[in-house]
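# Residue-level structure breakdown
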Amino acid sequence: MFHVGGARSALYNWATARQQGGTFVLRIEDTDAARNKPEWTEGIISALASIGIHEGDPGFEGPYFQSAGAERHRAAAEKLFAAGRAYYCDCSREQLAERTGSAQLGYDGHCRERGLGFEPGRALRFRTPDEGATVVVDLIRGEPAFPNAAIEDFVIARGDGSPVFLLANVADDLEQGITEVIRGEEHLSNTPKQQLLWEALGATPPVWAHLPVIVNEKRQKLSKRRDKVALEDYLAEGYLPEAVVNYLMLLGWGPKDDVEIRPYAELERLFRVADVNAASAFFDVAKLRAFNGEYLRAMAVADFTAACRPWLTGPRVPWAAEDFDPEAFAALAPLAQSRIAVLGEIVEQVDFLFLPEPVRDDASWAKAMKDREGATALLRTARERLAAAAGWETGALRAVLEAVAAEHGLKLGRAQAPVRVAVTGRTVGLPLFESLEVLGRERTLARLDAAVARLV
């Protein structure tokens with residue numbers, strides 16, 4: 001699944017590339033076979049397309065696969081070895097721990113001057129400078145300096161000769177002409193090593209920008225084991241891609257005029273990666289819901305109606321397919337549009353229209369029918385008056401229930417509650433009188449009868 005943090009990083013890269021007339025490059029780093037499956041690659045491509053980053057755009061390039069560059073990676077390793085910037089090492093973990101007295105300490109440089117050549121089982125290590133510091137010029141974090149003495153001689157090729165990710169990444173970036181790398185701050189610790197590799201291979205490092213970590217309400221880094229982090233999950237619930245994109249663009253950055261809800265084209269034009277805040281960004285689900293609600297309410301009713309259809313006609317709806325009435329839904333769609341925050345909530349708003357009986361919500365029933373005797377009397381009166389009503393439109397239905405409420409010494413709101421639960425199953429929902437009009441006289445009266453029978 002595609003992490004919302006990865007989606008945010010992709011959007012920032014996409015905006016930066018498009019601003020400069022550049023190219024967004026998608027590379028699948030697939031050298032770890034255990035973590036690579038074709039369907040996962042398709043998932044990445046599909047997720048990117050859902051937020052507007054797709055292969056059909058001239059500014060999109062890829063996907064490339066790191067595994068296809070194995071020869072290029074080996075050539076880079078051989079170049080570093082030939083230039084004296086890397087050396088072979090046959091030390092085991094046990095030998096290193098015995099020399100240093102700890103399994104936690106980094107490599108001690110034991111093989112630096114041994115002059116070993118390649119043999120199976122010997123790793124290739126990069127020779128880190130002994131003095132000075134590697135300064136990373138970061139658009140967001142300034143110029144953090146990493147003392148070279150604190151950077152161990154790190155492995156760039158395994159004992160079987162295959163280059164590790166760090167070297168493969170740099171070799172691919174060089175081959176593909178990468179000029180800017182915008183990624184999560186968890187990669188910052190690797191950056192001095194990658195920068196040393198760029199320089200050792202005779203190239204100027206790219207511009208770096210390390211984005212702030214995204215945290216939950218407890219200020220903990222979002223975790224797929226604890227938090228909902230998959231972009232696909234939010235879309236499947238009924239969050240609109242446009243709203244999600246808008247919200248993700250604001251995780252760590254914001255326009256200077258503080259107008260947050262705006263089209264992506266405006267966000268792209270205003271975005272500057274150098275303006276991203278280095279502090280952690282809070283993934284506020286409540287705020288995302290509010291954004292999505294704003295986007296839903298801004299839709300044309302016809303577009304909203306069409307957007308709801310997958311939730312109303314799919315295989316998981318609680319009613320039979322033949323019981324869905326698109327005209328009945330269209331009649332109430334404008335009312336539902338102003339009341340839901342995500343498209344998936346539409347089912348609970350209108351299920352009373354398409355189910356043979358209203359849902360059985362015990363909490364709603366207990367609340368509305370607490371005065372069992374009073375509720376029974378009110379429902380009987382309401383049933384009688386509604387059966388005799390001359391018309392079945394919203395205004396007439398309201399007038400009937402107002403008279404029923406007055407007859408029982410109640411305000412209209414109190415009188416509505418038992419009727420609403422009897423007819424829709426819930427204490428909260430769409431406006432009652434409009435709902436009764438669309439449900440129809442016959443079904444309304446049948447549900448009132450069923451409610452009275454359940455009470456007595």
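Residues numbered from 1 in each chain as written. Predicted model: local features only at pLDDT ≥ 70, side-chain atom pairs only at ≥ 80, totals over all residues. Heavy atoms only, no water.

## Here's the deal with helix H8 (residues 241-249)
Quick reminder of the rule: Note on classification: 1.4 Å probe, protein chains only; a residue is buried when its accessible area is under 20% of the maximum for its type, exposed when over 50%, partly exposed between these limits. Secondary structure counts use DSSP, requiring at least four H or I residues in a row for a helix and at least two E residues in a row for a strand, with both numbered from the N terminus. Residues are treated as being in contact if the distance between any of their heavy atoms lies within 4.5 Å.
Summarising burial for H8: seven of the nine residues are buried, a large majority. Those residues of H8 not exposed but buried are Ala243, Val244, Val245, Asn246, Tyr247, Leu248 and Met249. Packed against the buried residues of H8 are helix H1 (4-19), helix H7 (231-237), helix H9 (264-270), strand S11 (281-282) and helix H10 (285-298).

## Details of unusual backbone geometry
Of note, the bond from Gly62 into Pro63 is cis; its omega dihedral lies within 30 degrees of zero at 5°. Phi is positive for Arg219, which is not a glycine, with a value near 60°. For Arg219, the position within the fold is in the loop between strand S10 (214-215) and H7. You will see that Asp258, though not glycine, has its phi angle at about 65°, which is positive. Its place among the elements puts Asp258 in the loop between H8 and H9.

## Looking at the pattern of salt bridges
For clarity, the threshold we go by: Put simply, a salt bridge is a Lys or Arg side-chain nitrogen that is within 4 Å of an Asp or Glu carboxyl oxygen.
For the structure shown, the criterion picks out 27 salt bridges. Close ionic contact of Arg289 with Glu345 constitutes a salt bridge, the shortest N to O distance being 2.7 Å. Highlighted residues: Arg289 in helix H10 and Glu345 in the loop between helix H12 (326-337) and helix H13 (346-354), separated in sequence by 56 residues. Assessed through its relative accessible area of 31%, Arg289 is described here as partly exposed. We classify Glu345 as partly exposed; its relative accessible area is 25%.

## What about the sheet that holds strand S4 (residues 123-126)?
As a reminder, the rule being used: A pair of strands is treated as paired once DSSP finds two or more bridges between them. Helix axes are fitted to C-alpha atoms over the stretch in contact, other axes to C-alpha atoms as well, and angles between N-to-C directions run from 0 to 180 degrees.
Pairing within the open sheet is antiparallel, and its three strands lie in the order S3-S4-S7. The outermost strands of the open sheet, each flanked by one partner alone, are strand S3 (86-89) and strand S7 (155-157). The sheet shows a mean angle of 45° between the axes of neighbouring strands, taken without regard to direction. Pairing of S4 with S7 involves two bridges; the strand directions are antiparallel. Looking at S7, one finds that Leu124 is bridged to Ala157. Against the sheet, helix H3 (residues 70-82) engages S3, S4 and S7, with an angle of about 100° to S3.

## What to know about the nonpolar core
Across soluble globular proteins, nonpolar side chains show a tendency to be buried alongside one another. Quick note on the threshold: Residues enter a nonpolar core if they are buried and are Ala, Val, Leu, Ile, Met, Phe, Trp, Tyr or Cys, with the set joined through side-chain atoms within 4.5 Å.
Formed by 56 residues in total, the largest nonpolar core has its most connected members in Phe329, Ile346, Leu379 and Val419. For Leu379, the contacting residues outside a window of four places in its chain are Met369, Pro418, Val419, Ala422, Leu448, Ala451, Val452 and Leu455. Formed by 46 residues, the second largest nonpolar core is a distinct cluster that contains Ala7, Tyr239, Leu250 and Phe283.

The values are spatial; any link to function lies outside them.
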